[in-house]
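Structural overview
Listed below, chain by chain, are the residues.
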Amino acid sequence: MDLVLQLLFTGIGIGAVYALVALGFVLIFRATNVVNFAQGEFSMVAAYLMVVFSVDLGWPYWLSFLLSLAGMALLGVIFNLGVYYPLRHRSFLPVIIATIGASILMANSVLAIYGPQPQVLQGWFDTPGIQLGPVYLDSQYLLIIAVTIALVIFNYWFFEHTMLGKKLQATSQDKEMASLLGISVSTMIMLTFIYSAVLGGLAGILVAPVLFVSIQMGSTIALKAFAATIIGGFGDVTGAIIGGLALGVIETFGAAYISVPYKDGFAFLVLILFLVFRPQGIFGERVAEKA
Amino acid sequence: MALLDIRDLVVRYGEIEALRGVSLTVDPGQVVTLLGANGAGKSTTLRAISGLTKPASGEILFDGKPIAGLGPETIVRLGISHVPEGRRIFPGLTVKENIMLGGSNRRAAPSELSREADAMFDLFPDIRKFSGALGWTLSGGQLQMVAVARGLMAKPRLLLLDEPSLGLAPVIVQALFKIIAEIRRTTTVLLVEQNARMGLSVADYGYVLETGRIVLGGKPDELWGNEAIAAAYLGGHAKISA
């Protein structure tokens, strides 16, 4: 029982990272009808920005954190202007290919600067964790979970209770109609890219102390997050969060009880099962509303 | 001076010429109805005015200023509100949110938009009780009411209505045209209709569009008087003389 609780905690912690990246996938998909295959690289770039500010320059952790997020917001702007905007009137295919190209560019730029060896980033807290009854709560995982909860609440408030959130929703549901009402569609899409880049970056910064900071971390996280969006029901915000958490828990339990080397395999096994038996995902019906 | 003055408007979709030199004017305070069969170019005319479709040539003057080629976000800020074909209510937002978003062309605080949306239900009492319902749950008639209410939230000087009666039960069409008669007291309207009888009942002036060209324009009774037109578009019984 103790082990179950311990695994559940770790699983939710890692699942929260997938959930943040999955949320970024879904928000961009809803705004542009395109899957952003560079979403994972946002996490990777943000983790390396942390290494630059916090490790290489030795600046305070909180300052590095804020600067990295600001850097991600800027990357969101550049990504929107450089990758999406010029192709916005084309079909989805050129845009998807452009996002793949951008992800290769980002990974190889970082590779050119830092080389292939992984970097190490310290966690936010000096205390490694606290013992709560039978469960050991790792401080970094606690931080990840707390930030994710805060973001989910923020996300809900923002989209349900602000005019800007409503305009973003309107834009994702019917761009032409939104423009007829005077909503600046290109601004809304720009904001979506900024928000998604920051979300992905946040996930990368939070998970970096748990993993190593490496060129591959982006694609690993993105694949899991993408699987999470399909499990949750593609295009559904709640589904992305639930799917991400579920995937984290499943792979943690799979690693503990079945096989550690096949840890990554469990996520994709679940993905395949969903694709075969419930391709619309957990919250699939609600996606149909968007049509 | 005319509020809207369209001169020689040409719109092409690829090889197809949808409008082949349309000219029409709408004076302030008028309701002008644009009649015509499917594919005559009625919707295209409205899309060109609101900026959804870029004209190939010709002029569109709003209040004397050229607006052809401007984007829809700019044109609605100038005071032209387009309620497009098919209502286009955001399905995942509530009725009230849909209506509030209609004021996106103006600088207004959300609390102000909320108050204005509530006031809008006085004109559309039938949809008041659906204020909190999501767009996709509404019937066609309710959707059309929301669409017109949303269009009015822009506080337009010119309201473009595209086939508001399409697919609605006669009793709802009548309620809708009662509202349009109400709207005309404060707002100039360019109305596109296939239902000629209803369309002309509220109009000061009518145009008949045929395969991208204006073939006739006149006051409603003059249009009724034209036998060929009455037969072809207005459901009259006279024989068409070649």
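Let us look at the structure shown here. Remember, it's a predicted structure, so these values are computed and weren't measured experimentally. (Residues numbered from 1 in each chain as written. Chains lettered and ligands numbered in written order. Predicted model: local features only at pLDDT ≥ 70, side-chain atom pairs only at ≥ 80, totals over all residues.)

Let us look at the interface of chain B and chain A. Contacts between the two partners involve 21 residues from chain B, matched on the other side by 17 residues from chain A. Its residues assigned to classes, the side of chain B that touches chain A comprises 11 nonpolar, 6 polar and 4 charged. (Contact = placed C-beta atoms within 7 Å. Nonpolar A, V, L, I, M, F, W, Y, C, P; charged D, E, K, R; others polar.)

Residues and elements named next belong to chain B. Counted residue by residue, strand β7 (residues 158-162) has 5 buried out of 5 residues, so it is predominantly covered. Residue alternation in β7 divides its side chains into two sets, L158, L160 and D162 and L159 and L161, and both sets are buried. Pairing between strand β6 (residues 80-83) and β7: 4 bridges, direction parallel. Residue pairing across strands places V83 opposite L161, the latter belonging to β7. Pairing of β7 with strand β8 (residues 188-193) involves 5 bridges; the strand directions are parallel. Across the sheet, the residue bridging to L158 is T188, located in β8. Handedness of the crossover joining β7 and β8 through helix α6 (residues 170-183) is recorded here as right-handed. (Buried ≥ 20, exposed ≤ 12 C-beta atoms within 10 Å, placed from the backbone. Helix = DSSP H or I, 4+ residues; strand = E, 2+ residues; numbered from the N terminus. Pairing = 2+ DSSP bridges. Right-handed = clockwise from strand over helix to strand, strands pointing away.)

This next bit is on the sheet that holds strand β2 (residues 16-26) of chain B. All names here are of chain B. The strand order across the open sheet formed by 4 strands is β2-β1-β4-β5, and the pairing between neighbours is antiparallel. The open sheet has two free edges, formed respectively by β2 and β5 (65-66), since each of these has just one partner strand. Sheet analysis places strand β4 (residues 57-62) next to β5, joined by 2 bridges and oriented antiparallel. In the sheet register, L61 faces β5, and the bridge partner there is P66. Contacts from helix α1 (residues 42-50) reach β1 (4-13), β2 and β4, with the element oriented near 70° to β2. (Axes fitted to C-alpha atoms, helices over the stretch in contact; angles between N-to-C directions.)

Residues and elements named next belong to chain B. As summarised here, the arrangement of the 6 strands in space is β6-β7-β8-β3-β9-β10, forming an open sheet in which the pairing is mixed. Each edge of the open sheet is held by one strand with a lone partner, namely β6 and β10 (213-218). Neighbour to neighbour, the strand axes of the sheet diverge by 15° on average, direction disregarded.

Bringing unusual backbone geometry into the picture now. Phi is mostly negative for residues that are not glycine, and the peptide bonds are mostly trans. All names here are of chain B. Although it is not a glycine, K155 adopts a positive phi angle of roughly 50°. Position of K155 relative to the elements: it lies in the loop between α5 (140-152) and β7. Among the residues examined, K155 registers 15 C-beta atoms within 10 Å and is labelled partly exposed.

So, about the nonpolar core. All names here are of chain A. By size, the foremost hydrophobic cluster in this structure holds 153 residues, and its most contacted members are V17 and A47. Ranked by residues supplied to this core, first place goes to helix α1 (residues 2-32) with 16 residues. Those residues within four positions of A47 in sequence are excluded, and the remaining contacts are L121, G204, I205, A208, V213 and M217. (Core = buried A, V, L, I, M, F, W, Y, C linked by C-beta atoms within 7 Å.)

Right, let's get into helix α6 (residues 163-173) of chain A. Every α-helical turn comprises 3.6 residues, leaving residues that sit three or four positions apart pointing alike. With 8 of its 11 residues buried, α6(A) lies for the most part within the structure. Taken residue by residue, α6(A) has K166(A), K167(A), L168(A), Q169(A), A170(A), T171(A), S172(A) and Q173(A) as its buried positions. On its buried face, α6(A) sits against α1, α5 (139-161), α7 (175-180) and α8 (185-207) of chain A together with α3 (95-101) of chain B.

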